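Residue strings, one per chain:
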Amino acid sequence: MIRNKGITKNLLDLIGQTPIVQLHKITKDYPGQYFAKIEAFNPGQSAKDRIALHIVENAEKKGILTPGSTIVETTSGNTGFSLAMIAMVKGYSCKLAVSNKSSKDKIDGLRAMGAEVYVCPADVPADDPRSYYEVAKRIHNETPNSVYINQYFNALNIEAHYETTGPEIWEQTEGKITHLVVASGTGGTISGTGKYLKEQNPNIKILGVDAYGSILKKYHETGKFDKNEIYSYKIEGLGKNLIPDATDFSVIDVYEKVTDKDAAYKAREIVTKEGFFPGYTCGAVMQATEQYAAKEMFDEDSFVVLIFPDHGSRYMNKIYSDEWMKEQGFYDSEMPQNSPAIYI
Ligand code: PMP
């Protein structure tokens, strides 16, 4: 079979239809079979290409995005990269508010992709005027003919995954999927994909992944907003300090939280065991899967799909940098090691 046979006329036609690859060594001690849907195969190297294209094309159809318009968004980096890429292809301007937690690689990537970037402090409440939510709103208000994508509060975020990621997984697994493990940030991926899959087979379990320092797991369990759950952490794009409208909590069966260190180690372990170069949240999803396995969530008949949201190249100065790992206090004898560089 020849993939992508012939010529693709438009880069954006390559969004979606990402492969699912079986995991072998890293999951060998867990019961059942494990598969990763690798979203880094999107042209913008993350799952966010799907929602960015869906929301932009919806705005075009409604006539609110027209030639000369500016796209404005709040983003941990990946949605911004996808929007900047789409803006470049379609001829729009792009202004992005990112948090200073986003890796330098991501911020440089956005700038290289032609977006104007506003770097905002991560450790302020969501309603602080310096937060990336408030800064994006202000830029939108100050920029004539601009459209605010607003992924956290936009139902089209869920719809993009309901219309693409869900059906792809159902078809690719020929309906055999029993469990889906997904990182939850805005919640668009888990809610849209999970909703579609549960409509096909209500027995499929939707297993969320959250970060220590985030509110989502506790909110899912209690329905209460417990401020004590919130503190700063390093994993980008996972978890939240507010309750996003784009999360449909009724679709999610259970959440598992992971630490910054465990997720970073697992990402490095994926490289050494599976040969795929994953982003930080892929490590988080893999780590949560191990924790779910330890809680006997799976058995010999389990057919588990993990969504791997993005690519490791965005984290060269973070989880793949020994210096960064040392700075975080994550560098110890257990850490999966990079190979040495020998300078001649
Ligand atoms: N992983 C990464 C790297 C992300 O950027 C995001 C989105 N913020 C997620 C996971 C979570 O996806 P979602 O927003 O659809 O919940």
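Residues numbered from 1 in each chain as written. Predicted model: local features only at pLDDT ≥ 70, side-chain atom pairs only at ≥ 80, totals over all residues. Heavy atoms only, no water.

1. Brief notes about helix α10 (residues 280–294)
The terminal C-alpha atoms of α10, which comprises 15 residues, lie 21 Å apart, in line with the 21 Å expected from a rise of 1.5 Å per residue. With its phi angle positive at about 60°, Glu296 sits one or two positions after the end of α10. (Helix = DSSP H or I, 4+ residues; strand = E, 2+ residues; numbered from the N terminus. Expected span 1.5 Å × (residues − 1).)

2. Notes on the pattern of salt bridges
Opposite charge on two side chains permits them to pair, given that their charged atoms come into close proximity. Tallied over the entire structure, the rule returns 27 salt bridges. For Arg50, the salt bridge is made with Glu168, and the minimal N-O distance between the two is 2.9 Å. A residue pair is termed long-range when its members are at least 10 positions apart, and Arg50 in helix α1 (residues 48–62) and Glu168 in helix α6 (residues 165–172) qualify at 118 residues. Accessibility classification places Arg50 together with Glu168 in one group, the buried group. One salt bridge connects Glu116 with Lys95, and the closest N-O pair in it is separated by 3.9 Å. Taken together, the positions of Glu116 in strand β5 (residues 116–120) and Lys95 in strand β4 (residues 93–99) put the pair 21 residues apart, joining distant regions of the chain. What you see here is one network of salt bridges that share partners, running through Lys37, Glu39, Arg50 and Glu168. (Salt bridge = Lys/Arg side-chain N within 4 Å of Asp/Glu carboxyl O. Buried < 20%, exposed > 50% of the residue type's maximum accessible area, 1.4 Å probe, protein only.)

3. Concerning the side chain of Ser46
Looking at the secondary structure, you find Ser46 in the loop between β2 (33–38) and α1. Among the polar contacts made by the side chain of Ser46, one reaches the main-chain amide nitrogen of Lys48 at a distance of 3.0 Å. For Ser46, the contacting residues outside a window of four places in its chain are Glu39, Ala40, Asn78, Ser82, Pro309, Asp310 and Arg314. (Polar contact = N/O pair within 3.5 Å; in protein donor to acceptor, adjacent residues only side chain to side chain. Contact = heavy atoms within 4.5 Å.)

4. A few points about the environment of Gly166
For Gly166, the location among the structural elements is in helix α6. The sequence separation of Gly166 and Val119 amounts to 47 residues, and the corresponding C-alpha distance is 33 Å. Excluding its chain neighbours within four sequence positions, the residues that come into contact with Gly166 are His161, Thr193, Tyr196 and Leu197.

5. Describing the packing of α1 against helix α2 (residues 78–90)
Running from N to C, α1 and α2 cross one another at 50°; their axes reach a closest spacing of 8 Å. Viewed along their axes, α1 and α2 adopt a mutual orientation that is oblique. Both α1 and α2 take part in a crossing whose hand is right-handed. Seen from α1, the contacting residues are Lys48, Asp49, Ile51, Ala52, Leu53, Val56, Glu57 and Glu60; seen from α2, they are Asn78, Thr79, Ser82, Leu83, Met85, Ile86 and Lys90. Residues that form the contact of α1 with α2 fall into these classes: 7 nonpolar, 3 polar and 5 charged. (Axes fitted to C-alpha atoms, helices over the stretch in contact; angles between N-to-C directions. Parallel < 35°, antiparallel > 145°, perpendicular 65-115°, else oblique. Left-handed = near helix turned anticlockwise from the far one by under 90°. Nonpolar A, V, L, I, M, F, W, Y, C, P; charged D, E, K, R; others polar.)

6. Examining the sheet that holds strand β7 (residues 179–183)
Reading across from one edge, β1-β2-β10-β7-β8-β9 is the order of the 6 strands in this open sheet, with mixed pairing throughout. Two strands lie at the open edges of the sheet, namely β1 (20–22) and β9 (254–258), each paired on one side alone. Neighbour-to-neighbour, the strand axes of the sheet open up by a mean angle of 25°, direction not taken into account. Relative to strand β10 (residues 303–308), β2 is paired through 6 bridges, and the arrangement is parallel. (Pairing = 2+ DSSP bridges.)

7. Regarding the confidence of the model for the protein
Summary statistics for the protein give a mean pLDDT of 95 and a share of 99% for residues scoring 70 or more. In the predicted complex, the global pTM is 0.95; the interface-specific ipTM is 0.99. (pLDDT = per-residue confidence, 0-100.)

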